[in-house]
Amino acid sequence: MAIVTSVNLIRLLDWHLLDFPYCDDSGSHFCWVSSSMWVLTQANILWCVCLGFSIRQHIVVQQSLSRHFVPA
């Protein structure tokens, strides 16, 4: 999901100005820039949470294995 929204943001970028197009407040069209940025932010937050849980799981497994191999 993050890769798709990143590609979408790259596609929407105005390379001459290095800025995104302005979104109208008229409500007549959907603002792809803001929705893509929101989805990208949520995907990054979800990835960080999953990474944290994965690291926690690896630490717990490593600690339980190290208890078995402690020299007497």
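Just above, that's the structure.
Residues numbered from 1 in each chain as written. Predicted model: local features only at pLDDT ≥ 70, side-chain atom pairs only at ≥ 80, totals over all residues. Heavy atoms only, no water.

Counting its regular elements, the protein contains two helices and zero strands. Relative to the globule expectation of 11 Å for 72 residues, the C-alpha radius of gyration of the protein, 21 Å, shows a markedly less compact shape. Taken along the three principal axes of its C-alpha coordinates, the protein extends 75 × 25 × 15 Å. Every one of the 72 residues in the protein was classed for burial, and the buried ones make up 15%. (Helix = DSSP H or I, 4+ residues; strand = E, 2+ residues; numbered from the N terminus. Rg over C-alpha atoms; globule rule 2.2 N^0.38 Å. Buried < 20%, exposed > 50% of the residue type's maximum accessible area, 1.4 Å probe, protein only.)

This brings us to unusual backbone geometry. Even without being glycine, L18 reaches a positive phi, approximately 55°. Position of L18 relative to the elements: it lies in the loop between α1 (2-12) and α2 (32-68). By relative accessible area, L18 is classed as exposed at 61%.

Our focus in this paragraph is the nonpolar core. With five residues, the main nonpolar core is built from L9, L12, C31, V33 and L40. Listed by contribution, the elements that provide at least two residues to this core are α1 and α2. For L40, the contacting residues outside a window of four places in its chain are A2, T5, S6 and L9. (Core = buried A, V, L, I, M, F, W, Y, C linked by side-chain atoms within 4.5 Å. Contact = heavy atoms within 4.5 Å.)

Once that is clear, we can look at α2. If you check α2, its first and last C-alpha atoms are 54 Å apart, about what 37 residues at 1.5 Å a residue would give, namely 54 Å. Listed in full, the buried residues belonging to α2 are V33, S35, S36, L40 and A43. The inward-facing, buried residues of α2 contact α1. (Expected span 1.5 Å × (residues − 1).)

Under the counting rule described, the total for this entry stands at one disulfide. Note on cysteine connectivity: C23 is disulfide-linked to C31, with sulfurs 1.7 Å apart. The disulfide joining C23 to C31 has a torsion of about 45° about its S-S bond and is therefore right-handed. For C23, a relative accessible area of 22% corresponds to the partly exposed category. Just so you know, C50 is unpaired, no disulfide at all, and the nearest cysteine sulfur is the one on C48, 9.4 Å from it. Assessed through its relative accessible area of 45%, C50 is described here as partly exposed. (Disulfide = S-S within 2.5 Å.)

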